[in-house]
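Structural features, examined
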Amino acid sequence: NHVTNHWQSEHLIPIDPRLPVARDYLYNYLKDWCEAHPETDVVRFTSLFYNFVWIWGSDERQRHLFTDWASYDFTVSEKALADFADEYGYTLTAEDFVNAGNYHVTHMPPTQTQLDYMDFTQRFVLDFGRRLVALVQSYGKKAYVFYDDSWVGLEPSGPYFQDYGFDGLIKCVFSGFEVRLCNAAPVATHEIRLHPYLFPTGLNGKPTFMEGGDPAYDAKCYWRQVRRALLRAKIDRIGLGGYLHLVQDYPDFVDYIAEIAEEFRLLREYHTAGEVYTLPLTVGVLHHWGNLRPWTLSGHFHESDKHDLIHINEALAGLPVSVKFLSFDQAKAGGLDGLDVLINAGNEGDAWSGGEVWNDPELLTQITAWVHRGGCFLGVGEPTAARGHGNLFRLSAVLGIDLDTGAKTSHGKRSFDLTEVPGLWPAGAAISGKAELFLCAPDTQVLASSGGVPTVTRHDFGRGCGIYLSSFRESPANNRLLLNLLLWGHNLPLDHDYLSDNPLTECAWYPAKQALIVINNSPDPQTANIRALGGLVRVNLSGFTTEVVHLGE
């Protein structure tokens, strides 16, 4: 901020909050500030108390060396290491953090020492953090926390967050999954900060409020993503950040923000009136972090990044299904109960696919039995991948497909015909392939292929099934494909009530209002046909617009 905004004030320096002198300084600083600002009634904590890791180098060809918005590396100090050893009875080493130069990033399976240190840090942040929250509230002010610049130690969906006593949470959003992140936090008031920010350029360096920029169009594209999630989850407040004077030369942007504000108030009103209708379908997302870090992959991690799971999360954020996140330990401890579909998406060895956890026979047994009883296991990319066995995908018997790591170069591959399922594949949906995929069961259905290699398959297993996608990238058509696969995998009709027949449009049914809200996710005019209350509703929408249809009147 100092460099970007040419601030002339003294630069701030980090201090170790574990030191009593530092805590006294912070507490008294905040106390004096509260007394000096009686007119302020909401105080926003930007972080407690650590910065995310972002390491830069001097090489112009690789300035950006490493970043992780959810890493605990920068919480380390001599005092922290000493206190940890006193409590846990063993001493951490440099390698517990450096990890052969790879660091223990969020995307890698955590070690037990890492989990111990994270819990240790979270409890410290809570202990001092709730003192500061209580201090603010003692002056009659509300305490909010900003869920972005750093939430290391805070973990808003973790086991300690509700003990802080925050009155609200603010989340800046690029996408729908970030709306769901905000909504999931146990606070009274949920606020989202919209994009584009009121800065001359965006985070990618492209012009926004300057020559060559089109902030009104940018706002429409961001709102398309955000609005999908707002159909499913209630948010209380919206806002913008940055420099307000930048909008004065962009009246079309100002007008569109006014439209967004009206749409938001409408959605908030309908959520307040009653629950939005959800299909009878509960989807579980399985990875190492489980509900400690639902919806996200790591702080500011957007759907443009090339990881299947973040695209899956973004698609799920706007679908009319119930979504739960569970860890592998939770899956073994009864977490599969009540689930209809279980998703595992990631690359071999990462925190999302699971890595060596798939060598656990109990985990394999429980999931296999759950599918056999009627569950649907949906794998994406390299699900359940672990080496050292005759197969890479440890649940290849369920999925009916596997990935050759080179060991089967001399083996023949099973030929196949495509299976057509009426209504399953929306126009415009596309799944990229992996060259070394091969069928490992004669009854595996191939729904799509690329270059002679299967890309989407289904394999019936007992009363359940395994569905496999070689990749997934969020788009309106692919979002509907995912929903269709979820429905089909659980033997539900694809033309269920309160679903649009046009994949470029989506809708939500609010029973308390007896109303459908229909949105157009395309910049072009669209028509949507929706079955509702025994009839057919036809809606014409202009580009990016929202329409409300009242029924039963």
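Structure: above.
In short, a report on the structure. It should be emphasised that the depicted structure is a prediction, and the values quoted were computed from it without experimental measurement. (Residues numbered from 1 in each chain as written. Predicted model: local features only at pLDDT ≥ 70, side-chain atom pairs only at ≥ 80, totals over all residues. Heavy atoms only, no water.)

1. A closer look at the overall build of the protein chain
When its secondary structure is counted, the protein chain shows 13 helices and 21 strands. For a compact globule of 553 residues, the expected C-alpha radius of gyration is about 24 Å, and the protein chain comes in at 25 Å, within 12% of that figure. Dimensions of the protein chain, computed from C-alpha atoms along their principal axes, come out at roughly 70 × 65 × 45 Å. The buried share of the protein chain, taken over its 553 residues, is 55%. Counting only contacts in the protein chain whose residues sit at least 6 apart along the sequence, the fraction spanning at least 24 positions is 69%. In the structure as shown, the protein chain presents an accessible area of about 24500 Å², 51% of it carried by carbon and sulfur atoms. When the 43 basic and 67 acidic side-chain charges of the protein chain are each reduced to a single mean position, those positions are 3 Å apart. (Helix = DSSP H or I, 4+ residues; strand = E, 2+ residues; numbered from the N terminus. Rg over C-alpha atoms; globule rule 2.2 N^0.38 Å. Buried < 20%, exposed > 50% of the residue type's maximum accessible area, 1.4 Å probe, protein only. Contact = heavy atoms within 4.5 Å. Areas by Shrake-Rupley, 256 points an atom, 1.4 Å probe, with all protein chains shown as cover. Lys, Arg positive; Asp, Glu negative; His and termini not counted. Charge placed at Lys NZ, Arg CZ, Asp CG, Glu CD.)

2. Some points on the pattern of salt bridges
Any two side chains of opposite charge can pair, given that their charged atoms come close. Scanning the entire structure with this criterion turns up 23 salt bridges. When the shortest N-O distance is used, the salt bridge between Arg 458 and Asp 460 registers 2.9 Å. What makes Asp 460 partly exposed here is its relative accessible area of 39%. (Salt bridge = Lys/Arg side-chain N within 4 Å of Asp/Glu carboxyl O.)

3. Re the layout of surface pockets
Looking at the second largest pocket, its volume works out to about 420 Å³. The wall of the second largest pocket is formed by 16 residues, among which Pro 110, Leu 115, His 288, Ser 327 and Asp 329 lie closest to the centre. A per-class count over the lining of the second largest pocket returns 8 nonpolar, 6 polar and 2 charged. (1 Å grid on protein atoms, 1.4 Å probe; cavity = no way out; pocket = protein on both sides within 12 Å on 5 of 7 lines; lining within 4 Å. Points joined across faces, edges and corners; volume = space filled by probe spheres on them. Nonpolar A, V, L, I, M, F, W, Y, C, P; charged D, E, K, R; others polar.)

4. Description of a negative patch on the surface
Taken together, the side chains of Asp 214, Asp 252, Asp 255 and Glu 259 define an acidic patch exposed on the protein surface. Summarising the element assignment, Asp 214 is placed in the loop between strand E6 (189-193) and helix H7 (215-232). For Asp 214, a relative accessible area of 40% gives the class partly exposed. (Patch = residues over 30% accessible without salt bridge, like charges linked within 9 Å, V, L, I, M, F, W, Y side chains within 5 Å.)

5. What to know about the sheet that holds strand E1 (residues 42-45)
The strand order across the open sheet formed by 5 strands is E1-E4-E5-E6-E7, and the pairing between neighbours is parallel. Among the strands making up the open sheet, the edge pair consists of E1 and strand E7 (237-239). Averaged over all neighbouring strand pairs, the angle between strand axes comes to 25 degrees, with direction disregarded. Direction of pairing for strand E4 (residues 142-146) relative to strand E5 (residues 168-172): parallel, over a ladder of 3 bridges. (Pairing = 2+ DSSP bridges. Axes fitted to C-alpha atoms, helices over the stretch in contact; angles between N-to-C directions.)

6. Quick look at the pairing of strand E8 (residues 282-286)
Each regular strand displays side chains that alternate between the two surfaces of the sheet. Burial runs high along E8: 5 of the 5 residues are buried. Going residue by residue along E8, you find Thr 282, Gly 284 and Leu 286 tucked away on one face and Val 283 and Val 285 tucked away on the opposite face as well. Where E8 meets strand E9 (residues 322-326), 5 bridges bridge the pair, whose relative direction is parallel. Along E9, the bridge assignment pairs Leu 286 with Leu 326.

7. With respect to helix H2 (residues 20-36)
Since one α-helical turn is 3.6 residues long, residues separated by three or four positions face the same way. Taking 1.5 Å per residue, 17 residues should reach 24 Å; H2 reaches 24 Å between its end C-alpha atoms and fits that length. Along H2, the positions that sit buried rather than exposed are Ala 22, Leu 30 and Cys 34. All buried residues of H2 project into a common sector of 100 degrees when viewed along the axis, lining one side. Among the exposed residues of H2, those pointing more than 90 degrees away from its buried face are Val 21 and Ala 36. In this structure, the buried side of H2 is in contact with E1 and helix H5 (112-138). (Expected span 1.5 Å × (residues − 1). Arc of directions from axis to C-beta.)

8. Structural notes on the packing of H2 against H5
With their axes 10 Å apart at the nearest point, H2 and H5 run at an angle of 20 degrees to one another. Overall, the two elements H2 and H5 adopt an arrangement that is roughly parallel. Note that H2 runs across H5; the crossing there is right-handed. For the pair H2 and H5, the contacting residues are Arg 23, Leu 26, Tyr 27, Leu 30, Lys 31 and Cys 34 in the first and Phe 124, Phe 128, Arg 131, Leu 132, Leu 135 and Val 136 in the second. Residues belonging to the contact of H2 with H5 are distributed by class as follows: 9 nonpolar, no polar and 3 charged. (Parallel < 35°, antiparallel > 145°, perpendicular 65-115°, else oblique. Left-handed = near helix turned anticlockwise from the far one by under 90°.)

9. Topic: the packing of aromatic side chains
Evaluation of the coordinates by the stated rule reveals 28 aromatic pairs. Ring centres of Phe 66 and Tyr 103 lie 4.6 Å apart, and the angle between their planes is 50 degrees; this geometry places the pair in the tilted category. Of this pair, Phe 66 sits in strand E3 (residues 64-68) while Tyr 103 sits in the loop between helix H4 (95-98) and H5, placing them 37 residues apart in sequence. Take Phe 66: its relative accessible area is 11%, and that puts it in the buried class. Centroid distance Phe 209 to Tyr 250: 5.4 Å. Interplanar angle 85 degrees. Geometry classified as edge-to-face. (Phe/Tyr/Trp six-rings, centres within 6.5 Å; stacked < 30°, edge-to-face > 60°.)

10. Notes on the nonpolar core
Of all hydrophobic cores here, the largest spans 117 residues; its most connected members are Phe 45, Phe 166, Leu 316 and Leu 486. Looking at this core element by element, the count peaks at 11 residues for H5. Leu 339, Val 371, Leu 399 and Leu 437 belong to the second largest nonpolar core, which has 30 residues in total. (Core = buried A, V, L, I, M, F, W, Y, C linked by side-chain atoms within 4.5 Å.)

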